[in-house]
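These are the residues of each chain, in order.
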Amino acid sequence: MAAFTAVRRIGLTGGIGSGKSTVATLLQQCGAHLVDTDAIARALTAPEGAAIPALRARFGPESIDAAGAMDRDWMRERAFADGTLREALEALLHPLIGAEADRQACAAAAQACVVFDVPLLVESSRWRARVDRVLVVDCSVQQQIERVVRRSGWSSDAVMRVIAQQASRELRRAAADAVIHNGSEDAAVLTLEVQALWRQWVTAH
Ligand code: ADP
């Protein structure tokens, strides 16, 4: 008889506005230990962040703002226009983000289920090896746009530009062990779906 063990490491991903962060919070409420790779990236590139010396050396002093943080506007502008620069930035940051994510995961309680919230999990293949299961949050592009416009006050065009840079819904779903369809604007529906998945993957063992 096959032995089933509880899932210990979940990689959570989804396109911008899909509801990924909302699902991450719900998983945390179920008892998961959350490792937020966006927060790690922000800390690494904040004033005195561990990535600042390497960024200065690689991209020059103009990549660092007066406060000593990575100049996001400067970097975003160039990374959008220049794929080589974007790749160089990713090559510099991704190993640092991975190492800090591992450190935070190791600091979790031994039996805890760790959820790695990784916006670009499908885009960067190294994440797959770190997790037992990949959970994808999915909704229509129209809903992604509406949610980000509502949440962040961006223009539809700005949201569409980010969506165009991310993996397609099809690619993301193809990489998933489970997909949460976040098509309802009723938060209670999403909560029930996340709780059902938590029972299936984590507590029913
Ligand atoms: P992501 O992390 O994928 O960019 P968020 O979790 O921040 O997306 O969700 C985008 C916005 O949509 C947030 O303001 C969130 O509160 C809202 N939202 C997401 N899913 C739902 C839902 N099922 N019901 C109501 N609001 C939702």
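So, how was this worked out
- Along each chain, residues carry numbers from 1 onward, in the same order as the chain's sequence is written.
- Only residues with pLDDT of at least 70 are given local features in this predicted model, and only at 80 or more are side-chain atom pairs given and counted; all residues enter the totals for whole chains, interfaces and linings.
- Only heavy atoms go into the side-chain values, all of them from the structure, while hydrogens and water stay out.
- Where helices are involved, their axes are fitted lines through C-alpha atoms of the stretch in contact, as for all axes, and angles between N-to-C directions lie from 0 to 180°.
- Put simply, DSSP marks the helices as runs of H or I at least four residues long and the strands as runs of E at least two long, and each gets a number from the N terminus on.
- An angle below 35 degrees is treated as roughly parallel, one above 145 as roughly antiparallel, one from 65 to 115 as roughly perpendicular, and anything else as oblique.
- Any two residues whose heavy atoms approach within 4.5 Å at even a single point are treated as in contact.
- Residue type decides the class: Asp, Glu, Lys and Arg count as charged, Ala, Val, Leu, Ile, Met, Phe, Trp, Tyr, Cys and Pro as nonpolar, and the leftover types, Gly among them, as polar.
- Put simply, a residue is near a molecule or strand once any heavy atom of it comes within 4 Å of that molecule or strand.
- By the criterion applied in these results, polar contacts are pairs of N or O atoms within 3.5 Å in which, for protein atoms, one can donate a hydrogen and the other can accept it, and in which residues neighboring in sequence qualify only through two side-chain atoms.
- Accessible surface is estimated by sampling points in the Shrake-Rupley manner with a 1.4 Å probe; for residues, cover comes only from the protein chains shown.
- Each residue's exposure class comes from its accessible area (1.4 Å probe, protein chains only) as a fraction of the maximum for that residue type: buried when under 20%, exposed when over 50%, partly exposed otherwise.
- Between the first and last residue of a helix there are one fewer steps than residues, each counted as 1.5 Å, and that sum is the expected span.
- Throughout, bend refers to the angle between the axes fitted to the seven residues that end at a position and the seven residues that start at it.
- In short, DSSP must find at least two bridges between two strands for them to pair.

A.B. asks: What is the right way to look at the packing of helix H4 (residues 72-81) against helix H5 (residues 83-106) in this model?
C.D. replies: Axes are the key here: two packed helices are described by the angle between their axes and the distance separating the axes. At a minimum axis separation of 5 Å, H4 and H5 run at an interaxial angle of 120°. By the angle between their directions, the pair H4 and H5 is classed as oblique. For the pair H4 and H5, the contacting residues are Met75, Arg78, Ala79, Phe80 and Ala81 in the first and Gly83, Leu85, Arg86 and Leu89 in the second. In terms of residue class, the contact of H4 with H5 is made up of 6 nonpolar, 1 polar and 2 charged.

A.B. asks: Even after reading the chapter, I still don't get the site of the ligand, so can you show me in this structure?
C.D. replies: The local shell around the ligand holds 16 residues, among which Gly17, Ser21, Thr22, Arg151 and Asn182 are the closest. The backbone of Ser184 places a nitrogen or oxygen atom 3.0 Å from a nitrogen atom of the ligand. When isolated, the ligand has an accessible area of 560 Å², and the protein chains bury 80% of it. Looking at the shell around the ligand, the elements that each hand over two or more residues are helix H1 (20-30), helix H6 (141-152) and helix H9 (187-203). Of all the elements, H1 adds the most residues to the shell around the ligand, at 3 residues. Considered class by class, the residues forming the shell around the ligand number 3 nonpolar, 8 polar and 5 charged.

A.B. asks: Looking at this structure, how should I read unusual backbone geometry?
C.D. replies: For residues besides glycine, phi is generally negative; the peptide bonds are generally trans as well. Even without glycine at this site, Glu48 takes up a positive phi of about 65°. The topology assignment puts Glu48 in the loop between helix H2 (37-44) and helix H3 (52-59). On the basis of relative accessible area, Glu48 is assigned to the exposed category, the value being 79%.

A.B. asks: Got a minute to help me understand H5 in this structure?
C.D. replies: For an α-helix, the turn length of 3.6 residues means that residues three or four places apart are oriented alike. With 24 residues, H5 ought to run about 34 Å at 1.5 Å a step, and its terminal C-alpha atoms sit 34 Å apart, in line with that. At Leu93, H5 shows its largest kink, close to 25°, and the proline Pro95 lies no more than four residues downstream. Against strand E1 (9-14), strand E2 (33-36), H2, H3, H4 and strand E3 (114-117) lie the buried residues of H5. Put simply, Asp82 is the residue that caps the front of H5, since its side-chain oxygen is 3.0 Å from the backbone nitrogen of Thr84.

A.B. asks: Looking at this model, I keep getting lost on the sheet that holds E1. Mind explaining?
C.D. replies: The strands that make up a sheet are held in pairs by hydrogen bonds between backbone atoms, and each pair lies either parallel or antiparallel. Here we have 5 strands laid out as an open sheet, ordered E2-E3-E1-E4-E5, and parallel in their pairing. Lying at the two open borders of the sheet, with one neighbouring strand each, are E2 and strand E5 (178-181). The sheet shows a mean angle of 25° between the axes of neighbouring strands, direction not considered. Against the sheet, H2 engages E2 and E3, with an angle of about 45° to E2. Those strands touched by H5 are E1, E2 and E3, and its axis lies near 165° from that of E2.

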